[in-house]
Amino acid sequence: MTRVHDMGGRFGDGPVVPGAEDAPVFAEDWHARALAVTLACGALGQWNIDTSRHARERLSPKDYTRFSYYEKWISALADLLVEKGVLTREDLEGKGPAGLHALAERALKAETVAGALARGGPAERTGGPKPRFSAGQAVRARIPADNALVPGGHTRLPKYAAGAKGYVLRLHGTHVFPDSNAHGLGEAPEPLYAVRFFARALWAHPEHPGDEVVLDLWQSYLEPL
Amino acid sequence: MPHDHPDSPHALLPPDPALRVKALETILTEKGLIDPAALEEIIDTYQNRIGPQNGARVVARAWSDPEFKAALLADADPVLAELGYYGRQGEHMVVVENTPQRHNMVVCTLCSCYPWPLLGIPPGWYKSDAYRARAVREPRKVLADFGVTLPGDCAVRVWDSTAEVRYLVLPLRPEGTEGLGEEELAALVTRDSMIGTGQPKVPA
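What you see is a predicted model; the values in this text were computed from it and never measured. (Residues numbered from 1 in each chain as written. Chains lettered and ligands numbered in written order. Predicted model: local features only at pLDDT ≥ 70, side-chain atom pairs only at ≥ 80, totals over all residues. Heavy atoms only, no water.)

### Looking at the overall build of chain B
Going by this rule: Segments assigned H or I by DSSP are reported as helices when at least four residues long, segments assigned E as strands when at least two residues long, and all are numbered from the N terminus. For each residue, the accessible area found with a 1.4 Å probe, counting protein chains only, is set against the maximum for its type, and the residue is called buried under 20%, exposed over 50%, and partly exposed in between. In this analysis, two residues are considered to be in contact whenever any of their non-hydrogen atoms come within 4.5 Å of each other. Using a 1.4 Å probe, the Shrake-Rupley method yields the accessible areas, and only the shown protein chains count as cover for residues. Charged residues are defined here as Lys and Arg on the positive side and Asp and Glu on the negative side; His and the ends of the chain fall outside this count. By convention, charge coordinates are those of NZ in Lys, CZ in Arg, CG in Asp, or CD in Glu.
Helix and strand content of chain B: 11 helices and 4 strands. With respect to the three principal axes, the spread of C-alpha positions in chain B is 60 × 35 × 30 Å. The 204 residues of chain B split such that 61% are buried. Counting only contacts in chain B whose residues sit at least 6 apart along the sequence, the fraction spanning at least 24 positions is 64%. For chain B, the accessible area works out to roughly 7,500 Å², and carbon and sulfur atoms hold 53% of it. Looking at charge distribution, chain B has the averaged site of its 20 positive side-chain charges lying 5 Å from that of its 28 negative ones.

### Some thoughts on the confidence of the model for chain B
To keep it simple, the criterion reads: A residue's pLDDT is the confidence the predictor assigns to it, expressed on a 0 to 100 scale.
Confidence in the prediction for chain B averages 96 pLDDT; 99% of positions are at 70 or higher. Interface scoring of the predicted complex returns ipTM 0.97; its pTM is 0.97.

### Observations concerning the interface of chain A and chain B
The cut-off we apply is this: Two parts lose some accessible area (1.4 Å probe) when they are put together, and adding that loss for both gives the buried area. Salt bridge criterion: a side-chain nitrogen from Lys or Arg within 4 Å of a carboxyl oxygen from Asp or Glu.
Facing the 95 residues of chain A at the interface are 87 residues of chain B. Interface area, chain A with chain B, both sides summed: about 8,100 Å², of which 60% is carbon and sulfur. The largest per-residue losses of area from chain A upon contact with chain B belong to A:V16, A:R33 and A:E207, which jointly make up 9% of the total buried on that side. Run the count over chain A and chain B and you get 7 salt bridges.

### A closer look at the pattern of salt bridges
A side chain with one charge may pair with a side chain of the opposite charge, provided their charged atoms come close. Under the definition given, this model contains 23 salt bridges over all chains. In this structure, the salt-bridge partner of A:D6 is A:R3, at a minimum N-O distance of 2.4 Å. For the pair formed by A:D6 and A:R3, the shared burial category is buried. A salt bridge links B:D129 to A:R10, with the nearest nitrogen and oxygen atoms 3.3 Å apart. Of this pair, B:D129 sits in helix α8 (residues 129–134) while A:R10 sits in the segment before α1 (29–42), each in a different chain. Residue B:D129 is classed as partly exposed on the basis of its relative accessible area of 25%. For A:R10, a relative accessible area of 31% gives the class partly exposed. When salt bridges that share partners are traced, they join B:R134, B:R137, B:E138, B:K141 and B:D145 into one network.

### Structural notes on the packing of helix α6 (residues 110–119) of chain A against helix α2 (residues 36–49) of chain B
As a reminder of what qualifies: Each axis is a line fitted through C-alpha atoms, taken for helices only over the stretch in contact, and angles between the N-to-C directions span 0 to 180 degrees. These descriptions rest on fixed angle ranges, namely under 35 degrees for roughly parallel, over 145 for roughly antiparallel, 65 to 115 for roughly perpendicular, and the rest for oblique. Handedness of a crossing is defined here by the sense of rotation of the near helix relative to the far one, left-handed for an anticlockwise turn of less than a right angle and right-handed for a clockwise turn. Each residue receives one of three labels: charged for Asp, Glu, Lys and Arg, nonpolar for Ala, Val, Leu, Ile, Met, Phe, Trp, Tyr, Cys and Pro, and polar for the others, Gly being one of them.
Running from N to C, α6(A) and α2(B) cross one another at 45 degrees; their axes reach a closest spacing of 8 Å. Relative to α2(B), the element α6(A) lies oblique. Helix-helix and strand crossings are classified by hand; for α6(A) and α2(B) the assignment is right-handed. Packed against α6(A), whose contacting residues are A:A110, A:V113 and A:L117, the element α2(B) presents B:A37, B:A38, B:E41, B:I42, B:T45 and B:Y46 at the interface. Here the residues of the contact of α6(A) with α2(B) are counted per class, giving 7 nonpolar, 1 polar and 1 charged.

See the structure below:
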């Protein structure tokens, strides 16, 4: 994890340039292809959403910074296909063997797309540790915001919130833990909370005393106060 | 290839992004790992069938029907599933209501999480570095980029989608819409008003 993707609070990015409400969904045809190829490859079942997020975050900072959005997707997909042994480097160079792949029978078909998209991939699970915190309780987000299991691993605790004091707003239930799931270490579900932080607990110069930021944080990201 | 990190497999693909996708698509198709007809179906779904019109219908109904609104705010998933608005990237929905005292706004600072079944594929600016970096630290300046100004007594609550929970903002119903039906109301609901970077349209 380079954290190049973890840009919440970063300075220097300039204005946000709003787009027209009726702008095309895909600005370029290849954006649509990149999205569709990525979703179709996900259906092969060789990785999960956390693995694919981690693959994008692991692009070298130089590539992550230069690549446009869908270029990150397609590049991370190529890396993931090789890493998971679906394709070889020779395949990517067009020098691999011809013929159908052993996983071809799992390929998403046109008639199964609607069902697959409608089913989605719920992250809520039963079991796991009992909730340790309740609504209204003061908590602190763990510091540093690193994966506790894997050096340099994936986490969904943004660095801007690490060490900050917040208040539990609600319990979302027990959800798959990305820090484990991204690395093939199992779903290890944990209670997931919406935690509200006063902007003044996060930023030296908040815009307004009443402003807040809410993050969804897993139980092991939090310490009692 | 100087464009890429040289050790990465993706550096073996052509540097031009359109060709890069094409190359990967060709390899995968030849091996039977992806079906071109399935790709067309995915693209058609998100280009033509699923988009912010879904969310707008939900908002218009919440504005019109207090019981529906109460159920939506209490536990959105069963309410939305019944309307058929369930699926990928919308498995765990929470609807957050704007009030005169609180304006809600949604971002994903880590990637681009967004409620696909209700709003479709996110617009480019939502995925931009500038929005991801700034929305949490200076939401009011970001709102100003969108031409939105809030009264001084209105607090901003920014939701950073760090997990699989997706958020939809229920904007304030515009004044002067008392006599309007759900369809007319839905026409006032903009995508940006459901992300929190805009306000609904005011009836002409």
